[in-house]
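Below, each chain spelled out in residue letters.
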Amino acid sequence: MPHAVQVADLQRIAEDNRISLEGKAILLYLVTREPGYRLTIPDLVAVTSQARITAGSKTVYNRLNELIALGYLTRKLIKSGCDYFIHSTPLNVADGKAA
C-alpha cells in the first residue's frame, strides 16, 4: 500500500524555522518512506552523501536528536538498539501528543 503524505504536512516541515536545513532534509526523506521503513544511520549517511551534503554519522545523530527534541521523531530503546517513529506533525514533547 503506497504511503500518502499530505502536502500541508510537507509545507509545515519546510516552514518550521526551528529545524536546521540538514534536519529538514532528513525529516522530509523520512516522512516520504513507505510504512515499515527501518531507519538506519548508514542508510541516512549514504542518502546525505548522494544529496551532496557532507553529513557523517555524528551529524546524522545530531540531526536526529534535533528532530526528537522538536517532537518530529520519537525513539524507543530495544534490545538490538532502538526504533525511531516519525511524525509529520510534531508531538508536544511534554505530553507526547500532536501539537
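Residues numbered from 1 in each chain as written. Predicted model: local features only at pLDDT ≥ 70, side-chain atom pairs only at ≥ 80, totals over all residues. Heavy atoms only, no water.

1. Here's the deal with the packing of helix α2 (residues 21-31) against helix α4 (residues 57-69)
Pairs of packed helices are described in terms of their axes, by the angle between the two and the distance that separates them.
Thinking step 1. Relative orientation of the contacting elements α2 and α4 amounts to 80°, with a least axis distance of 9 Å. Considering their axes alone, α2 and α4 lie roughly perpendicular with respect to each other. Contacts between α2 and α4 involve Glu22, Gly23, Ile26, Leu27 and Leu30 from the former and Thr59, Arg63, Leu64, Glu66 and Leu67 from the latter.
Thinking step 2. Here the contact of α2 with α4 is composed, by residue class, of 5 nonpolar, 2 polar and 3 charged. (Axes fitted to C-alpha atoms, helices over the stretch in contact; angles between N-to-C directions. Helix = DSSP H or I, 4+ residues; strand = E, 2+ residues; numbered from the N terminus. Parallel < 35°, antiparallel > 145°, perpendicular 65-115°, else oblique. Contact = heavy atoms within 4.5 Å. Nonpolar A, V, L, I, M, F, W, Y, C, P; charged D, E, K, R; others polar.)

2. Brief notes about the environment of Leu10
Thinking step 1. Following the sequence through the fold, Leu10 ends up in helix α1 (residues 7-15).
Thinking step 2. Look at Leu10 and you get partly exposed, because its relative accessible area is 26%.
Thinking step 3. Put simply, Leu10 and Thr32 are 22 residues apart on the chain and 9.4 Å apart in space, counted from C-alpha to C-alpha. (Buried < 20%, exposed > 50% of the residue type's maximum accessible area, 1.4 Å probe, protein only.)

3. What to know about the nonpolar core
Thinking step 1. Of all hydrophobic cores here, the largest spans 18 residues; its most connected members are Leu30, Leu44 and Leu64.
Thinking step 2. Put simply, the parts of the chain that give this core at least two residues each are α2, α3 (41-50) and α4. (Core = buried A, V, L, I, M, F, W, Y, C linked by side-chain atoms within 4.5 Å.)

4. Structural notes on the confidence of the model for the chain
Thinking step 1. The share of residues in the chain with pLDDT of 70 or more is 82%, and the mean pLDDT across the chain is 81.
Thinking step 2. Of all helices and strands in the chain, the one with the weakest mean pLDDT is strand β4 (residues 97-98) (56), whereas α4 scores best (90). (pLDDT = per-residue confidence, 0-100.)

5. Focus on the packing of α1 against α2
Thinking step 1. α2 packs onto α1 with a crossing angle of 165° between their chain directions and a minimal axis gap of 10 Å. When the interaxial angle is binned, α1 and α2 end up roughly antiparallel. Here α1 and α2 pass one another in a crossing that is right-handed. For the pair α1 and α2, contact is made by Leu10, Ile13, Ala14 and Glu15 and by Lys24, Leu27, Leu28 and Val31, respectively. (Left-handed = near helix turned anticlockwise from the far one by under 90°.)

6. Section: the side chain of Glu66
Thinking step 1. By the element assignment, Glu66 lies in helix α4.
Thinking step 2. Polar side-chain contacts of Glu66 include one of 2.6 Å to the backbone nitrogen of Ser20.
Thinking step 3. Those residues in contact with Glu66 that sit more than four places away from it in its chain are Arg18, Ile19, Ser20 and Gly23. (Polar contact = N/O pair within 3.5 Å; in protein donor to acceptor, adjacent residues only side chain to side chain.)

7. A short note on the pairing of strand β2 (residues 81-86)
Thinking step 1. Of the strand pairs in this sheet, strand β1 (residues 73-78) and β2 are connected by 6 bridges, and their pairing is antiparallel. Its bridge partner being in β2, Arg75 is matched across the sheet by Tyr84.
Thinking step 2. Hairpin connection from β1 to β2: 2 residues lie between these consecutive antiparallel strands. (Pairing = 2+ DSSP bridges.)

8. Things to note about the pattern of salt bridges
Thinking step 1. Scanning the model with the defined rule gives 5 salt bridges in all.
Thinking step 2. Here Asp9 and Arg12 are joined by a salt bridge, their closest N and O atoms 2.8 Å apart. Residue Asp9 and its partner Arg12 are located together in helix α1, separated by 3 residues, close to a single helical turn.
Thinking step 3. On the basis of relative accessibility, which here comes to 34%, the residue Arg12 falls in the partly exposed class.
Thinking step 4. Residue Arg38 pairs with Asp83 through a salt bridge whose shortest N-O separation is 3.0 Å. Taken together, the positions of Arg38 in the loop between α2 and α3 and Asp83 in strand β2 put the pair 45 residues apart, joining distant regions of the chain.
Thinking step 5. One salt-bridge network, in which partners are shared between bridges, spans Glu22, Arg63 and Glu66. (Salt bridge = Lys/Arg side-chain N within 4 Å of Asp/Glu carboxyl O.)

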